[in-house]
Amino acid sequence: MKITVNGEMHDVAVAPDMPLLWVLRDELKLTGTKYGCGIAQCGACTVHIDGVAVRSCQMPVGDLEGEVTTIEGLGQPQVLHAVQAAWVEHQVAQCGYCQSGQIMAAASFLDTNPDPTDADIDRVMSANLCRCGTYPRIREAVKTAAASLRGA
Amino acid sequence: MRRLITVTGLLLSGAALASDGHGLVIKTPPVGSVSRTDGLQAWEKIHAVVSHPRCVNCHTDEQNLPMWSGPEYADVRPHGMNIHAGESRIGAETLTCQTCHVTSTRPNTVPRAAPHTGMEWRLAPAEFLWFGVDGRTICEQIRDPERNGGRDGAGLVEHITHDAEKKGFITWGFDPGAGREPAPGGMQAHLDDMIVWVAAEMPCPE
Ligand code: FES
Ligand code: FES
């Protein structure tokens, strides 16, 4: 079956009920997207499908409609996405395990809600868990990213 | 075969039609054959379905919070993770329901995962309020086109067959998959009850 990830088309020979997360990590070796729980409880596996955040552990690849973007395709080391740049500025990551999911969730949210309140940020980011408790830095970085996206 | 089904149906309860797509049999009782008592009995079974946690948890008020209630939960509380479906009722304002509840007609096989259906996950419109509401109030809402999405009796029946075609939320309620208690009955029984209730002119308990 054919899927488009980060602008590239791939032909993968997998069962249609395989979660997209497995395809990304095991078939395409895109290991930036993490496995935390497999049951939509942690957010570590968040990617974009046509720009909207989706838990890739929940998406059977056979039901995928649209183009996938993973953390590897959001920005590039030389040209960071505004959310990634804000994450660096605020030194958000601790161990880093949850962070690609956090960044993908924040990037999709700011795309539709460029001027969020603190309550909005807490609502959208509460479904992404961080064992290291980087939540205060996440909230500040989302605000910085929002400001830079509005200014851009 | 169609003729045989029709003839048998007539003998039993009027016309019966197996329809394509939804896989359910529509058994229309002869005009005037359904009493108010039959209708109220059918309503009681409909009520057992629509008051089940599988249904009420997403039929909530204009606070737009999905609920977690039922035997799977230690207590009754709003959906965890600070989820708020917004006025859009699909979470568009912050986190869309579909971020976790994807759209798929595949069976729900993983315990405690986010359930999915063939329809896009959402809260029912706020005026279809069932959570924490008594049966008579739900009954009056369901039969009121002003508060049921503009449906007459035929529309209510069609709502069920359409859901069966799409493997939507009603279908899921009876077959929620691993670790979740299903609503009582099944799609065919629910459809039969709805047809009888409608034929009895939608009586509600006093
Ligand atoms: S791995 Fe998908 S939400 Fe936890
Ligand atoms: S930085 Fe360690 S889990 Fe979030």
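Everything that follows concerns the structure shown earlier in this document.
From a predicted model like this one, the values you see are computed outputs, not experimental measurements. (Residues numbered from 1 in each chain as written. Chains lettered and ligands numbered in written order. Predicted model: local features only at pLDDT ≥ 70, side-chain atom pairs only at ≥ 80, totals over all residues. Heavy atoms only, no water.)

## Comments concerning the interface of chain A and chain B
Okay, so step 1: Between chain A and chain B, the residue contacts involve 22 residues of the former and 19 residues of the latter.
Okay, so step 2: Three residues, Ile39, Gln58 and Arg123 of chain A, lead the burial of chain A against chain B; their summed loss comes to 31% of the area buried on that side.
Okay, so step 3: Run the count over chain A and chain B and you get one salt bridge.
Okay, so step 4: Between Arg106 of chain B and Asp63 of chain A there is a salt bridge whose closest N-O contact spans 2.9 Å.
Okay, so step 5: Taken together, chain A and chain B are joined by eight residue pairs in polar contact (both at pLDDT 80 or more). (Contact = heavy atoms within 4.5 Å. Buried area = accessible area lost by both parts, 1.4 Å probe. Salt bridge = Lys/Arg side-chain N within 4 Å of Asp/Glu carboxyl O. Polar contact = N/O pair within 3.5 Å; in protein donor to acceptor, adjacent residues only side chain to side chain.)

## Quick look at the nonpolar core
Okay, so step 1: Formed by 26 residues in total, the largest nonpolar core has its most connected members in Trp43, Ile142 and Trp197 of chain B.
Okay, so step 2: Those elements giving two or more residues to this core turn out to be α2 (36–50), α3 (53–56), α4 (135–142), α5 (153–166), α6 (169–174) and α7 (187–199) of chain B.
Okay, so step 3: Discounting residues that sit within four places of it in the chain, Trp197 of chain B has contacts with Gly39, Ala42, Trp43, Ile46, Cys139, Ile142, Arg143, Leu156, Met202, Pro203 and Cys204 of chain B.
Okay, so step 4: If you look at the next biggest cluster of nonpolar residues, it comprises 25 residues, including Ile71, Ala86, Ala106 and Leu110 of chain A. (Core = buried A, V, L, I, M, F, W, Y, C linked by side-chain atoms within 4.5 Å. Buried < 20%, exposed > 50% of the residue type's maximum accessible area, 1.4 Å probe, protein only. Helix = DSSP H or I, 4+ residues; strand = E, 2+ residues; numbered from the N terminus.)

## Describing the packing of α2 of chain B against α7 of chain B
Residue and element names in this part refer to chain B.
Okay, so step 1: At a minimum axis separation of 8 Å, α2 and α7 run at an interaxial angle of 140 degrees. Here α2 is positioned oblique relative to α7, judged by the angle of their axes. The handedness of the crossing between α2 and α7 is left-handed. Residues Asp38, Gly39, Ala42, Trp43, Lys45, Ile46 and Val49 of α2 form the contact with α7, whose own contacting residues are His190, Asp193, Met194, Val196 and Trp197.
Okay, so step 2: Among the residues forming the contact of α2 with α7, the class breakdown is seven nonpolar, two polar and three charged. (Axes fitted to C-alpha atoms, helices over the stretch in contact; angles between N-to-C directions. Parallel < 35°, antiparallel > 145°, perpendicular 65-115°, else oblique. Left-handed = near helix turned anticlockwise from the far one by under 90°. Nonpolar A, V, L, I, M, F, W, Y, C, P; charged D, E, K, R; others polar.)

## Quick notes on helix α1 (residues 20–27) of chain A
Residues separated by three or four positions in an α-helix point in the same direction, a consequence of the helix having 3.6 residues per turn.
All names here are of chain A.
Okay, so step 1: Every buried residue of α1 is accounted for by Leu20, Leu21, Val23 and Leu24. Within α1, the buried residues cover an arc of 165 degrees as seen down the axis, which keeps them to one side.
Okay, so step 2: The inward-facing, buried residues of α1 contact β1 (2–5), β3 (46–49) and β5 (68–69).
Okay, so step 3: Immediately beyond the C-terminal end of α1, within one or two residues, lies Lys29, with a positive phi of roughly 60 degrees. (Arc of directions from axis to C-beta.)

## Here's the deal with the packing of aromatic side chains
Okay, so step 1: Summed over all chains, the structure comprises five aromatic pairs over all chains.
Okay, so step 2: Measuring from ring centre to ring centre gives 5.6 Å for Trp22 of chain A and Tyr35 of chain A, while their planes differ by 80 degrees; the resulting arrangement is edge-to-face. Here Tyr35 of chain A lies in the loop between α1 and β3 and Trp22 of chain A lies in helix α1, a separation of 13 residues in the sequence.
Okay, so step 3: For Trp22 of chain A, a relative accessible area of 33% corresponds to the partly exposed category.
Okay, so step 4: Aromatic pair Trp121 of chain B and Trp172 of chain B: ring centres 5.4 Å apart, planes at 80 degrees, arrangement edge-to-face. Separated by 51 residues along the polypeptide, Trp121 of chain B in the loop between β4 (77–78) and α4 and Trp172 of chain B in helix α6 bring together distant segments of the chain. (Phe/Tyr/Trp six-rings, centres within 6.5 Å; stacked < 30°, edge-to-face > 60°.)

## Details of the packing of helix α4 (residues 99–112) of chain A against helix α6 (residues 135–151) of chain A
Residue and element names in this part refer to chain A.
Okay, so step 1: The geometry of α4 relative to α6 is characterised by a closest axis approach of 11 Å and an angle of 40 degrees between their N-to-C directions. One element, α4, and the other, α6, form an angle in the oblique class. For the pair α4 and α6, the crossing hand works out as right-handed. Across from Gln102, Ala106 and Leu110 in α4, the residues of α6 making contact are Ile138, Val142, Ala145, Ala146 and Leu149.

## Details of the pairing of strand β4 (residues 52–55) of chain A
All names here are of chain A.
Okay, so step 1: One ladder, built from four bridges, connects β3 with β4; its direction is antiparallel. What sits directly across from Ile49, in β4, is Val52.
Okay, so step 2: The hairpin formed by β3 and β4 contains two residues between the paired strands, and Asp50 there has a positive phi angle of roughly 50 degrees. (Pairing = 2+ DSSP bridges.)

## Some details on helix α3 (residues 82–89) of chain A
All names here are of chain A.
Okay, so step 1: Among all positions in α3, only Ala82, Val83, Gln84, Ala86 and Trp87 are buried.
Okay, so step 2: At its buried positions, α3 is contacted by α2 (71–74), α4 and α6.
Okay, so step 3: Gln91 occupies a position one or two residues after α3 and carries a positive phi of about 50 degrees.

## Considering the pattern of salt bridges
Residue and element names in this part refer to chain A.
Okay, so step 1: Under the criterion given, the structure shown has 13 salt bridges over all chains.
Okay, so step 2: Asp122 is the partner of Arg139 in a salt bridge, and the nearest nitrogen-oxygen pair spans 3.0 Å. Remark: Asp122 occurs in helix α5 (residues 118–125) and Arg139 occurs in helix α6; sequence separation between them is 17 residues.
Okay, so step 3: The exposure class of Arg139 is partly exposed, given its relative accessible area of 30%.
Okay, so step 4: With relative accessibility at 27%, the residue Asp122 sits in the partly exposed group.
Okay, so step 5: Between Glu140 and Lys143 there is a salt bridge whose closest N-O contact spans 3.5 Å. Remark: Lys143 and Glu140 occur in helix α6; sequence separation between them is three residues, near one turn of the helix.
Okay, so step 6: Judged by relative accessible area, which is 35%, Glu140 ranks as partly exposed.
Okay, so step 7: Among the residues examined, Lys143 registers a relative accessible area of 31% and is labelled partly exposed.
Okay, so step 8: Salt bridges sharing common partners tie together Asp118, Glu140 and Lys143.

By themselves, these observations are geometric and do not establish any function.
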